Amino acid sequence: IEGLSNAIQRAKPIVPSKFVPYSEIPFSEPKKGLMSGWSGMDQHLRLTFPELVTVTGTPGAGKSQWTLAWLCNLARLHNVKSAIIQLEDDPSRNRHDLMQYAATWQHEHQQTPEDWVDERFVTKVPPEPHGDEEVVTLEWLREAVEDAALRHDCKVVLIDPWNEIEHAFDRGFSETQYTNDALRKIKSLARKFQIAIVIVTHPSKGIVGKGIEDITLYDVSGSQAWNNKSDHGIIVHRDEGDTESKIKVAKCKSYKTMGFPGIVTMQFNPPTASFSFIRSGV
């Protein structure tokens, strides 16, 4: 399988299995990650491989919409193929937005919107449960990520939203312990396949009423593990009745390659299913 061969041959950083002097470690200048597609955002958000990206935000702020627009930018600018594991919304909604985005840039890629989308995106939804059976488990998710990386040669896997996964807190784990262990396993998949895994997750109820400056990854529903495990942490916020969205990059693990934290103001454009950069700051 071509996808399997390509995935296995992806270059991985050298990690010695025994103690060696540093002179035996080949030196290479760290390369900056992939540009986001928004000039004012690039100083804060450059995607690297492997990494775990967490996207959260206030209810109705458009975190899923913004994340999809970002993946479209990555596909257009860098030919990055993404897998979307859709756990909540009807996948036809994403299909509509992807087609609108592709049609907007058709003059650039010289393909029909259908062909452009099909070459760069695949999607999967969980099967219907039978009785009380839980189907969206960590094991199901692991198999889906492996399938995306190995069989479809995807460099990005989007999980939207995390909160739909069956979280078994009653197996002797506290919620904090469970989340920490689950994210550790997710990150191990990203390292194994040298991919980026992007997780959209709902915030805790305590986020309501907070301004963008006060919201952090500690406000994600579940645990402080989101702040500790994420390589990039992104918060999407929009005040009620406002047409502008605030995008806060709350965490960047490596400033040299991934950008540095900051806030930008953007606006969603429904006809093109994309966001436009308005200004830096709020």
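See the structure printed just above.
We now turn to the structure provided with this report. Source: prediction; values computed, not measured. (Residues numbered from 1 in each chain as written. Predicted model: local features only at pLDDT ≥ 70, side-chain atom pairs only at ≥ 80, totals over all residues. Heavy atoms only, no water.)

A closer look at unusual backbone geometry
For step 1, the next point in the chain: Residue Pro 50 follows Phe 49 across a cis peptide bond; omega there is 0°.
For step 2, the next point in the chain: You can see Pro 50 is positioned in the loop between β2 (46-47) and β3 (51-57).
For step 3, the next point in the chain: Even without being a glycine, Ala 273 presents a positive backbone phi close to 55°.
For step 4, the next point in the chain: The residue Ala 273 is located in the loop between β10 (262-269) and β11 (274-280) in this model.
For step 5, the next point in the chain: On the basis of relative accessible area, Ala 273 is assigned to the buried category, the value being 4%. (Helix = DSSP H or I, 4+ residues; strand = E, 2+ residues; numbered from the N terminus. Buried < 20%, exposed > 50% of the residue type's maximum accessible area, 1.4 Å probe, protein only.)

Comments concerning the pattern of salt bridges
For step 1, the next point in the chain: In total, this model carries 13 salt bridges according to the counting rule given.
For step 2, the next point in the chain: The shortest N-O distance in the salt bridge between Asp 219 and Lys 210 comes to 2.8 Å.
For step 3, the next point in the chain: Note that Lys 253 and Asp 231 form a salt bridge whose closest N and O atoms lie 3.7 Å from each other. Within this pair, whereas Lys 253 is found in the loop between β9 (244-252) and α9 (255-258), its partner Asp 231 is found in the loop between α8 (225-229) and β8 (232-237), the two being separated by 22 residues in sequence.
For step 4, the next point in the chain: One continuous salt-bridge network, built from bridges that share partners, spans Glu 139, Arg 142, Glu 143, Glu 146 and Lys 192. (Salt bridge = Lys/Arg side-chain N within 4 Å of Asp/Glu carboxyl O.)

Regarding helix α7 (residues 175-193)
For step 1, the next point in the chain: Taking 1.5 Å per residue as the helical rise, α7 with its 19 residues ought to reach 27 Å, and the 27 Å between its terminal C-alpha atoms agrees with that figure.
For step 2, the next point in the chain: Here α7 has its buried residues at Tyr 178, Thr 179, Ala 182, Leu 183, Ile 186, Lys 187, Leu 189, Ala 190 and Phe 193. Buried positions in α7, seen along its axis, are confined to an arc of 160° and lie on one side of it.
For step 3, the next point in the chain: Gln 194, located one to two residues past α7, shows a positive phi value of around 55°. (Expected span 1.5 Å × (residues − 1). Arc of directions from axis to C-beta.)

Concerning the side chain of Lys 251
For step 1, the next point in the chain: By the element assignment, Lys 251 lies in strand β9.
For step 2, the next point in the chain: Buried within the structure, Lys 251 lacks any salt-bridge partner; its nearest side chain of opposite charge belongs to Asp 231, at an N-O separation of 6.2 Å.
For step 3, the next point in the chain: One polar contact links the side chain of Lys 251 to the main-chain carbonyl oxygen of Asn 227, over a distance of 2.7 Å.
For step 4, the next point in the chain: Residues within four places of Lys 251 in sequence aside, it is in contact with Leu 217, Asn 227, Asn 228, Lys 229, Ser 230, Asp 231, His 232 and Gly 233. (Lys, Arg positive; Asp, Glu negative; His and termini not counted. Polar contact = N/O pair within 3.5 Å; in protein donor to acceptor, adjacent residues only side chain to side chain. Contact = heavy atoms within 4.5 Å.)

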